[in-house]
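# Structure assessment
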Amino acid sequence: MDELYSDFAYDDAFRTMVVKCDELLIPFINYMFDEHYSNKARIYRGANEHFVDKQGGAQEKRITDSLIKIVENNISHTYHVECESKEDVDGTIIVRIFEYDAQIALDRSRVSRGMLDVYFPHTGILFLSSTDSTPDSMEIVIHTSGGECKYSVEVIKELDFDLDKIYDNGLFFLLPFYSFNYKKDFDKIEADDYKQEEFVEIFSRIVGKLESLVEEGLLSAYSKDVIIRLINKVVHKQLVKYKSTQKRVGDLMGGKVLDLDVIRAHDEGIEQGIEQGIEQGIERGIEQGKDEERLFSIRRMMNKLKMTAEEAMDTLDIPKGERSKYMTML
């Protein structure tokens with residue numbers, strides 16, 4: 001259970017939902033980017049580590065919070081979303097966003113007869129903390145000798161969402177961070193038993209709502225348990241200086257966390273399904289993962305080694321009969 005209280009609790013909670021919880025991620029992406037994916041859409045997770053080439057041949061590593069591709073009805077888009085727990089007081093996050101986007105675009109680029117094609121992702125930021133000066137939207141403008149191009153960076157601010165708005169839009173992805181709505185009041189809550197009771201009751205109602213959603217078939221028990229676990233993780237980190245409030249919330253939420261790590265149990269169940277040949281959907285996921293790995297290697301060889309797609313696939317010993325699918329994905 002030690003990992004529950006990581007120093008990177010907020011990033012860990014965000015990445016856990018991105019990597020493990022399609023049921024939570026798809027509605028979040030739909031809302032942020034005005035998309036309409038169904039729960040049958042396929043999600044491919046990209047590499048979160050990217051290397052920026054520097055002078056002298058050195059490389060600097062960049063780690064993004066999430067890079068995913070969603071495919072449905074033969075249409076696919078790539079999304080890069082960052083989770084920011086602090087107010088962007090100096091405005092530097094948009095610079096970091098562009099650095100990440102540019103490297104993602106280069107990693108997915110194609111070179112052909114002197115022309116470089118780069119593919120920038122759809123980009124967004126989830127601000128867990130915000131102020132009146134935090135913009136509602138952002139834009140990156142690129143000025144070149146051939147003209148100007150620009151793209152938007154979508155913004156979601158946790159503080160804009162009360163529980164009703166979260167439930168109405170199915171944005172359960174935001175629930176683990178709901179305590180950020182009360183961050184400015186932590187001193188008063190800690191000093192007042194009545195306010196503490198009110199604060200704890202908020203999370204008691206959240207748990208009750210999640211349980212009713214599971215009973216109605218609107219949320220899986222797995223997602224419910226992950227949300228509760230991550231709320232506990234985030235609140236524990238936030239309230240590290242507020243021991244009384246921390247304990248009271250922890251006693252409530254900790255009692256709702258299963259003794260066996262639900263994420264590990266879920267993963268072990270998947271592994272067992274693969275071994276038994278029962279979970280065909282999981283097997284398809286493994287094949288999709290192999291496809292993504294191959295596709296990344298092909299693009300990297302085309303970009304770095306200036307190979308054609310066919311030359312890259314020859315080097316990777318990809319069978320001729322399997323190449324057409326990669327050509328359509330490039």
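About the cut-offs
- Residues numbered from 1 in each chain as written.
- Predicted model: local features only at pLDDT ≥ 70, side-chain atom pairs only at ≥ 80, totals over all residues.
- Heavy atoms only, no water.
- Helix = DSSP H or I, 4+ residues; strand = E, 2+ residues; numbered from the N terminus.
- Buried < 20%, exposed > 50% of the residue type's maximum accessible area, 1.4 Å probe, protein only.
- Contact = heavy atoms within 4.5 Å.
- Areas by Shrake-Rupley, 256 points an atom, 1.4 Å probe, with all protein chains shown as cover.
- Salt bridge = Lys/Arg side-chain N within 4 Å of Asp/Glu carboxyl O.
- Expected span 1.5 Å × (residues − 1).
- Phe/Tyr/Trp six-rings, centres within 6.5 Å; stacked < 30°, edge-to-face > 60°.
- Core = buried A, V, L, I, M, F, W, Y, C linked by side-chain atoms within 4.5 Å.
- pLDDT = per-residue confidence, 0-100.
- Axes fitted to C-alpha atoms, helices over the stretch in contact; angles between N-to-C directions.
- Parallel < 35°, antiparallel > 145°, perpendicular 65-115°, else oblique.
- Left-handed = near helix turned anticlockwise from the far one by under 90°.
- Nonpolar A, V, L, I, M, F, W, Y, C, P; charged D, E, K, R; others polar.
- Pairing = 2+ DSSP bridges.

### Quick word on the overall build of the protein
- Counting its regular elements, the protein contains 12 helices and 10 strands.
- With 330 residues in all, the protein has 42% of them scored as buried.
- For the protein, the share of sequence-separated contacts (at least 6 apart) that also reach a separation of at least 24 residues comes to 61%.
- With the model as given, the accessible surface of the protein reaches about 17,800 Å², and the carbon-plus-sulfur share is 49%.

### Description of the pattern of salt bridges
- Tallied over the entire structure, the rule returns 10 salt bridges.
- Between K157 and D136 there is a salt bridge, with the nearest N and O atoms lying 2.5 Å from each other. Taken as a pair, K157 in strand 10 (residues 147-157) and D136 in the loop between strand 8 (122-127) and strand 9 (138-144) lie far apart in primary sequence, 21 residues in all.
- Of the charged contacts, one joins D185 and K184 as a salt bridge, the two residues approaching to 3.8 Å between their closest N and O atoms.
- When salt bridges with common partners are traced through the structure, they connect E310, D314 and R323 into a single cluster.

### Considerations on the environment of Y37
- As for its placement among the helices and strands, Y37 is situated in the loop between helix 2 (22-33) and strand 1 (42-45).
- Sequence separation between Y37 and I70 is 33 residues; the distance between their C-alpha atoms is 8.3 Å.
- Beyond its immediate chain neighbours, meaning those up to four positions away, Y37 contacts I26, I29, N30, I70, E72, H77 and Y79.

### A look at helix 7 (residues 221-238)
- For helix 7, spanning 18 residues, the distance from its first C-alpha to its last is 26 Å, which sits close to the expected 26 Å at 1.5 Å a residue.
- Counting buried residues in helix 7 gives 15 out of 18 residues, a clear majority hidden from the surface.

### Quick look at the packing of aromatic side chains
- Evaluated as defined, the whole model comprises 13 aromatic pairs.
- Each ring, one from F28 and one from F173, has its centre 4.3 Å from the other, and the planes form 10°; the classification is stacked. Placement of F28 in helix 2 and of F173 in the loop between helix 4 (163-168) and helix 5 (186-191) is noted, with a sequence separation of 145 residues between them. One exposure class covers both F28 and F173, and it is buried.
- Between F33 and Y79, the ring centres sit 4.9 Å apart and the planes meet at 50°, which makes this aromatic pair tilted.

### Observations concerning the environment of D117
- Among the structural elements, D117 can be located in strand 7 (residues 115-117).
- Spatially, the C-alpha atoms of D117 and A105 are 8.8 Å apart, while their sequence positions differ by 12 residues.
- Once residues within four sequence positions are removed from consideration, D117 is found in contact with S109 and R110.

### Things to note about the nonpolar core
- F28, I29, L126, F173, L175, F177 and I206 are the most contacted members of the largest nonpolar core, which has 60 residues in total.
- Setting aside anything within four residues of it in sequence, one finds L126 in contact with F14, F28, M32, E82, C83, E84, I156, E158, F173, L174 and F177.
- Residues L295, M301, M302 and M313 belong to the second largest nonpolar core, which totals 11 residues.

### A look at the confidence of the model for the protein
- For the protein, the mean per-residue pLDDT works out to 83, and 80% of the residues sit at or above 70.
- For the stretch residues 1-6, pLDDT sits under 50, and the model shows 12 contacts to residues farther than four places along the chain or on other chains.

### Quick word on the packing of helix 1 (residues 9-20) against helix 7
- Between helix 1 and helix 7, the shortest axis-to-axis distance is 9 Å and the interhelical angle comes to 165°. One finds that helix 1 runs roughly antiparallel with respect to helix 7. Read as a crossing pair, helix 1 and helix 7 show a hand that is left-handed. Across the interface between the two elements, A9, Y10, D12, A13, T16, M17 and K20 from helix 1 touch Y222, V226, L230, K233, V234, K237 and Q238 from helix 7.
- Among the residues making up the contact of helix 1 with helix 7, the classes are represented as 8 nonpolar, 2 polar and 4 charged.

### Some words on the pairing of strand 10
- Relative to strand 10, strand 8 is paired through 5 bridges, and the arrangement is parallel. Looking at strand 10, one finds that L126 is bridged to I156.

### Regarding unusual backbone geometry
- A positive phi is found at N74, a non-glycine position, where the angle reads about 65°.
- With respect to the helices and strands, N74 occurs in the loop between strand 4 (67-72) and strand 5 (75-84).
- Positive phi, close to 50°, is recorded for R113, a residue that is not glycine.
- Relative to the assigned elements, R113 resides in the loop between strand 6 (110-112) and strand 7.
- Classification of R113 as exposed rests on a relative accessible area of 88%.

### Section: the environment of V118
- Within the secondary structure layout, V118 lies in the loop between strand 7 and strand 8.
- The exposure class of V118 is partly exposed, given its relative accessible area of 36%.
- In this view, V118 contacts A105, L106 and S109; residues no more than four positions away in its chain are not counted.

### Some details on the sheet that holds strand 4
- Strand order in the open sheet formed by 6 strands is 1-4-5-8-10-9, and the pairing between neighbours is mixed. The sheet is open, and its two borders are formed by strand 1 and strand 9, each paired with just one other strand. Ignoring strand direction, the axes of neighbouring strands in this sheet form an average angle of 25°.
- With 6 bridges connecting them, strand 5 and strand 8 associate as parallel partners.

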